[in-house]
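Coordinates in review
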Amino acid sequence: MSDTFKLNIDGQEVEVPKAYTLMQACEEVGAEIPRFCYHERLSVAGNCRMCLVEWEGAPKPLASCAQIVGDLRPNRDGSPPVIRTKGAYVEKARNGVMEFLLINHPLDCPICDQGGECDLQDQAVAYGRGESRYDENKRAVEDKNMGPLVKTIMTRCIQCTRCVRFVAEVAGVEEIGMISRGETAEITTYLEKSLTSELSGNVIDLCPVGALTSKPYAFNARPWELRKTSSIDVMDAMGAAIRIDSKGDAVMRILPETNEDVNEEWLSDKSRFVWDGLARQRLDRPYARRNGKLLAVTWPEALDAVKAALSVGADQIGVVAGDLIEAEQAKAALDFFRSLGVRNTDCRPAGAQYGLSGVREHYLLNPTLAGVEGCDALLLIGANPRVEAAVWNARIRKSWLWGKLKVGVIGPAADLTYPYEHFGNSPAALNSEAVRAFFKGAAKPMIVIGEAGVCRSDGEAVLSAALGLAQNVGAIAEGWAGYGMLHTAAGRVGALDAGFVPAEGGKATGNILDGSVKTVVLLGADEVDLSRLGSSSVIYVGTHGDAGASRADIVLPCAAYSEISATYVNTEGRVQITTRAVQPKGEAREGWAIFRALSALFGKALAYDTADELRGLLRGKAGENTPFSGRGYAPGAKGSAALSAAMPASSVSLGSEPFARAIGDFYLSNPVARASRTMAECSALATSLDTAVAAE
Amino acid sequence: MALRRFDLDAGGDSFAFKPETEEKIAFWRGKYPADKQRSAVIPLLWLAQKDNNGWLSEPAMREVADRLEMPYIRVYEVATFYTMFRLQPVGKFHVQLCGTTPCQLRGAEGLKEVCTREIGKPMHVTDDQRLSWEEVECLGACVNAPMVQINDDYFEDLTPEILSGILSCLRNGAAARPGPQVARVNSAPEGGTPVLTDASLYDGSKSRLRELPNLPGAPASAPAPAPAPAAKIEPEVPKAPAADDLKRINGVGPKFEAMLLEMGVRTFAQIAAWSPETVDTVEARFGFKDRIDREKWVAQARMLADGRFDEHDLIFGRGKD
């Protein structure tokens, strides 16, 4: 038996695998099949009937999304079955389906947020009839509460069940369902409770009609008046592909774009709904503290103040880079401070014990995000991907659900949406027999260590034990580097790649912030503990009036990720560049430019005058291989050679202190999110529900 | 069908299965493998409804979901899909009134009036908590239409008066007799059967197989059955040619004609005079049961004997000669 099957589709002969659906086969020859319920990344429901095609000889039209090609049979004379996706028969069938779908659908397109990007609207134009023949009463459905993100107008619902399947299959929280039946069937959450998934916003994209729309974006704009900019998300270290829709100077919404290697086509709620934070609490001009109060000053005044604050001797200056720092700013700041002789520079959280070995692979997610799909045993050490990389967590779940992945966890127990083997919450488990047994027979083992696993006193020992374990269980092999770190901050890898770590003899973050240096420069560092700064004077370069700015003596405003073209390296080591969607706020400047200006003030002008020149420097000369040379690509398995060497012997041994959580509150993990009203609402709700992903 | 929602107020905060139900739960769960326990959701919901005074409260539904480790929304979907799961309180006696076509044609509308008058609107519980009613789709007892189901029992062949009597019995704590409310057994005819009353139908005597030697009750060595008597058919002239063309009778072919002649039947008049017993005898001889009756030979012969040939051919068709 051959694995392929010949079909005649619209007069074209095509041979496709038997496992294909008829819809896939039709698309193979370029036929356009309308659909509502079918979605590539969800299971097949077959309930909208929009994808009907004609099979010559069949008594009825076929729903092509649910028809497996291998179940068709050739004609009696042995010729391939004849499928038609066009013609009067098919048109009449689709026309009839469309008429039924529209029977109970309200005619409220003019006030519907989906208008202009609505599948039902588009397909009604293409396949529907001009006018309605229905003069009975239409049914109306009560709107449901689904939380602060998803607005519902349930009368518009056509019961495609995409949202039901998404939350059950991808998000892994079975919270949406279809209740009752027949004409009274309704989509709802259980007793209208809010969705607790951190991927819930995706149901808005999935909804083919205007039943589920974005609550924060409601009535804000029409899709055709928005400027659409492809960019990169910085809310976590995944670097998901996003589209920033803006109008004038405001970001109106953020949508995911497809990047199969990173986010497929999903986006976490934080990345999607954080946009209102980009317009609030912004630093739009420089400030300096006079008589204990921050007063607005001009740039020259601010830079002079900075110059004064930095004239305390290189050893009395410490520089800490924050979570959202872009590689350009990191590079420019590092070049500038090194030129002053400053050694106390760090981009890692306090207590971090990684990134100093000089081996890039030690801090990358070498198996890659997509690599989890081929993997069969995954061990998470001090990492909670549901909070730290929510979209990747859905991918792990997918691999567990459809593949043969099993997951083990060393760290705090949490609801990850898939079952896992819990090896306790102590580093000692790394050497346990149970963990070795877990990997037994695994062809592609994967060990992922989270930031919480290494930001601790015995972090070095944990790292080296984890790498040792990886080498032992065959995770490092030809063509497979199954060891990696899952970062929580978008800027971390880029800054590490730029070399933003303490120079020889320099202080790390924890020591810079303990009040022992006279001047501390915070590059958007708000997640660090600022309580021990004592009398240090603080220069804050950042975007939002957050913890750092309120402690600062001088505030220099810089542009946020939506306002510049900036390089970010994701946790896999994938170099990606954001695109400017809107102008920086007020007098805010691009981060690198601030340090270029300062360097001129100090008479040690940096060697680049534009961001492109700076990026060229990061990329290196032609043929030179730097972390920034490739764009959009993750080194992945190429790291296996570097990982097969043992870590330098650690001076500490594994402790028994349990792993902490890297992120406290999923919705409030960075200054942009903390400025967002939507995120605050989500956070309050999650806390009150006490089932918050972060609280588990 | 109205929207079906949990009555959250009436449901309270908690629900517990009765201790004696545990055995039944174990029975239903035992039918499914450990990883397919959710298959038991409908039986468990049903048991929960029984333990909760005939309706399914929200805590009861959650109890089922927790036991089967199912997300609440999945159980909610099932509970709202099936209308036999009642999401609002019902009376001690809940009347399900069949309103589907056969019952409606036999007077279900009148029963509805009784319920509305004596209980109230559908799903309304009387103040004494004893009665409530709702209209349901076909309960599968159309032969005994119109009918209602009260709790687990069918009450059939109702009239408004009878239903009213049943309701007042139940309201006053008296027992009501379930089943048909007229003089009939199950769905047998009212007042006993008018047909198939002959006792000989049931003693085997009518069976043609009674002559088989191994038939129960037959003599061990039964004599060969005597040839059916050619009673009352006296041959006039053996093998004499027919006086009439017997083949004019539709159904009589050359073969039957020969047999008839052998029996001495030569004229239409002879056949026209056959009594039912004679017909039986002739049929027995032919070995074709009922054929003469079915083809109306006697009537045909009567017409032909009268010389009404055209009329015969028009009505019965001309026999093939």
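Residues numbered from 1 in each chain as written. Chains lettered and ligands numbered in written order. Predicted model: local features only at pLDDT ≥ 70, side-chain atom pairs only at ≥ 80, totals over all residues. Heavy atoms only, no water.

For the rest of this paragraph, the subject is the overall build of chain B. Check the secondary structure of chain B and you find 14 helices and five strands. Taking all 321 residues of chain B together, the buried fraction comes to 40%. Across chain B, the fraction of contacts at a sequence separation of at least 24, relative to all contacts at a separation of at least 6, is 61%. As displayed, chain B offers around 18,300 Å² of accessible surface, 55% of which is attributable to carbon and sulfur atoms. (Helix = DSSP H or I, 4+ residues; strand = E, 2+ residues; numbered from the N terminus. Buried < 20%, exposed > 50% of the residue type's maximum accessible area, 1.4 Å probe, protein only. Contact = heavy atoms within 4.5 Å. Areas by Shrake-Rupley, 256 points an atom, 1.4 Å probe, with all protein chains shown as cover.)

Turning our attention to the environment of Pro-189 of chain B. Residue and element names in this part refer to chain B. Mapped onto the elements, Pro-189 comes out in the loop between strand 5 (179–180) and helix 9 (254–262). Residue class for Pro-189 comes out partly exposed when judged on its relative accessible area of 40%. Spatially, the C-alpha atoms of Pro-189 and Trp-46 are 35 Å apart, while their sequence positions differ by 143 residues. The residues touching Pro-189, leaving out its near neighbours within four places in the chain, are Ala-183, Arg-184 and Pro-194.

Time to look at the sheet that holds strand 17 (residues 377–381) of chain A. All names here are of chain A. Spatially, 19-18-17-20-23 is the arrangement adopted by the five strands of the open sheet, whose pairing is parallel. Two strands lie at the open edges of the sheet, namely strand 19 (421–422) and strand 23 (483–486), each paired on one side alone. When strand 20 (residues 445–450) meets strand 23, the two strands line up parallel, connected through four bridges. Paired with Gly-450 across the bridge in strand 23 is Leu-486. Each of strand 17, strand 20 and strand 23 touches helix 13 (residues 459–472); the most contacted strand, strand 20, lies at about 170 degrees to it. (Pairing = 2+ DSSP bridges. Axes fitted to C-alpha atoms, helices over the stretch in contact; angles between N-to-C directions.)

It is worth spelling out a nonpolar patch on the surface at this point. Together, Val-195, Leu-196, Leu-201 and Tyr-202 of chain B make up a nonpolar patch on the protein surface, roughly 430 Å² of accessible area in all. Tracing the backbone shows Val-195 of chain B in the loop between strand 5 and helix 9. (Patch = residues over 30% accessible without salt bridge, like charges linked within 9 Å, V, L, I, M, F, W, Y side chains within 5 Å. Salt bridge = Lys/Arg side-chain N within 4 Å of Asp/Glu carboxyl O.)

What follows covers unusual backbone geometry. Cis peptide bonds are those with omega within 30 degrees of zero, and the linkage from Ala-145 of chain B to Pro-146 of chain B qualifies with -10 degrees. With respect to the helices and strands, Pro-146 of chain B occurs in the loop between strand 2 (131–136) and strand 3 (148–150). Here the phi dihedral of Arg-49 of chain A falls at roughly 65 degrees; this positive angle occurs in a residue that is not glycine. Relative to the assigned elements, Arg-49 of chain A resides in the loop between helix 1 (22–28) and strand 3 (52–55). A positive phi angle, near 55 degrees, is found at Glu-69 of chain B, a position not held by glycine. Take Glu-69 of chain B: it is sitting in the loop between helix 4 (58–68) and helix 5 (72–81).

With that settled, the discussion passes to the pattern of salt bridges. All names here are of chain A. Applying the stated criterion across every chain yields a total of 59 salt bridges over all chains. Salt-bridge contacts for Lys-398 lead to Glu-373; the nearest nitrogen and oxygen are separated by 3.1 Å. Placement of Lys-398 in helix 10 (residues 390–402) and of Glu-373 in the loop between strand 16 (344–346) and strand 17 is noted, with a sequence separation of 25 residues between them. Residue Arg-532 pairs with Asp-529 through a salt bridge whose shortest N-O separation is 3.8 Å. Several salt bridges share partner residues, and in doing so they unite Arg-41, Glu-260, Glu-264, Glu-265, Glu-373, Arg-395 and Lys-398 into one network.

Per the domain assignment, the segments of chain B are domain 1 (19–81), domain 2 (93–180) and domain 3 (246–316). Taking only C-alpha atoms, the centre of domain 1 of chain B and the centre of domain 3 of chain B are 71 Å apart. (Domains from an automatic or database assignment.)

Take the nonpolar core next. All names here are of chain A. Grouped together as the largest cluster of nonpolar side chains are 122 residues, with contacts concentrated most on Leu-7, Phe-166, Leu-378 and Trp-392. For this core, the leading source of residues is helix 4 (residues 162–171), giving six residues. The residues touching Phe-166, leaving out its near neighbours within four places in the chain, are Leu-42, Ala-171, Leu-199, Asn-202, Val-203, Leu-206 and Trp-266. With 82 residues, the next largest nonpolar core counts Leu-340, Leu-523, Phe-595 and Phe-602 among its residues. (Core = buried A, V, L, I, M, F, W, Y, C linked by side-chain atoms within 4.5 Å.)

Residue and element names in this part refer to chain A. The contact between helix 4 and helix 10 brings their axes to 8 Å, and the two run at 85 degrees. Relative to helix 10, the element helix 4 lies roughly perpendicular. Here Ala-168, Glu-169, Val-170 and Ala-171 of helix 4 lie close against helix 10, whose contacting residues are Ala-394, Arg-397, Leu-401 and Trp-402. Among the residues making up the contact of helix 4 with helix 10, the classes are represented as six nonpolar, no polar and two charged. (Parallel < 35°, antiparallel > 145°, perpendicular 65-115°, else oblique. Nonpolar A, V, L, I, M, F, W, Y, C, P; charged D, E, K, R; others polar.)

On to the sheet that holds strand 10 (residues 227–232) of chain A. Residue and element names in this part refer to chain A. Reading across from one edge, 10-11-12 is the order of the three strands in this open sheet, with antiparallel pairing throughout. Here the strands that pair on one side only, and so sit at the sheet edges, are strand 10 and strand 12 (250–256). With direction set aside, neighbouring strand axes in the sheet form an average angle of 30 degrees. Of the strand pairs in this sheet, strand 10 and strand 11 (residues 241–247) are connected by six bridges, and their pairing is antiparallel. Bridge pairing links Ser-231 to Ile-242 in strand 11.

Right, let's get into the packing of aromatic side chains. Within the structure shown, the criterion is met by 19 aromatic pairs over all chains. Plain terms: the ring middles of Trp-592 of chain A and Tyr-608 of chain A are 6.5 Å apart, the flat faces sit at 65 degrees to each other, and that makes the pair edge-to-face. Of this pair, Trp-592 of chain A sits in helix 17 (residues 591–601) while Tyr-608 of chain A sits in the loop between helix 17 and helix 18 (611–619); the two residues are 16 residues apart in sequence, bridging distant segments of the chain. One exposure class covers both Trp-592 of chain A and Tyr-608 of chain A, and it is buried. Judged by centre distance (4.9 Å) and plane angle (70 degrees), the rings of Phe-81 of chain B and Tyr-82 of chain B are edge-to-face. (Phe/Tyr/Trp six-rings, centres within 6.5 Å; stacked < 30°, edge-to-face > 60°.)

Moving on, we come to the pairing of strand 1 (residues 4–9) of chain A. All names here are of chain A. Looking at chain direction, strand 1 and strand 2 (residues 12–17) are connected through six bridges and run antiparallel. Across the sheet, the residue bridging to Ile-9 is Gln-12, located in strand 2. Where strand 1 folds back on strand 2, the antiparallel hairpin that results is connected by two residues, among which Asp-10 adopts a positive phi of roughly 50 degrees. As paired elements, strand 1 and strand 5 (residues 82–84) share two bridges and run parallel to each other. Each bridged residue has a counterpart across the sheet, and for Asn-8 the counterpart in strand 5 is Val-82.

All names here are of chain B. It is the contact of helix 2 (residues 21–29) with helix 3 (residues 41–51), at a shortest axis distance of 10 Å, that shows an interaxial angle of 170 degrees. As far as their axial angle goes, helix 3 and helix 2 are roughly antiparallel. Note on packing geometry: the crossing formed by helix 2 with helix 3 is right-handed. Only Pro-43, Leu-44, Leu-47 and Asp-51 of helix 3 make contact with helix 2, whose side of the interface consists of Thr-21, Lys-24, Ile-25, Trp-28 and Arg-29. Taken together, the residues of the contact of helix 2 with helix 3 break down into five nonpolar, one polar and three charged. (Left-handed = near helix turned anticlockwise from the far one by under 90°.)

Tallying the contact residues gives 20 residues for chain B and 18 residues for chain A. For the pair chain B and chain A, the summed buried surface comes to about 1,500 Å²; carbon and sulfur atoms form 57% of the total. Joining chain B to chain A, the criterion identifies two salt bridges. A salt bridge links Arg-5 of chain B to Glu-186 of chain A, with the shortest nitrogen-to-oxygen separation between them at 2.6 Å. Between the two partners, chain B and chain A, sit seven residue pairs in polar contact (both at pLDDT 80 or more). When contributions to the side of chain B that touches chain A are tallied by element, the ones reaching two or more residues are helix 4 and helix 5 of chain B. (Buried area = accessible area lost by both parts, 1.4 Å probe. Polar contact = N/O pair within 3.5 Å; in protein donor to acceptor, adjacent residues only side chain to side chain.)

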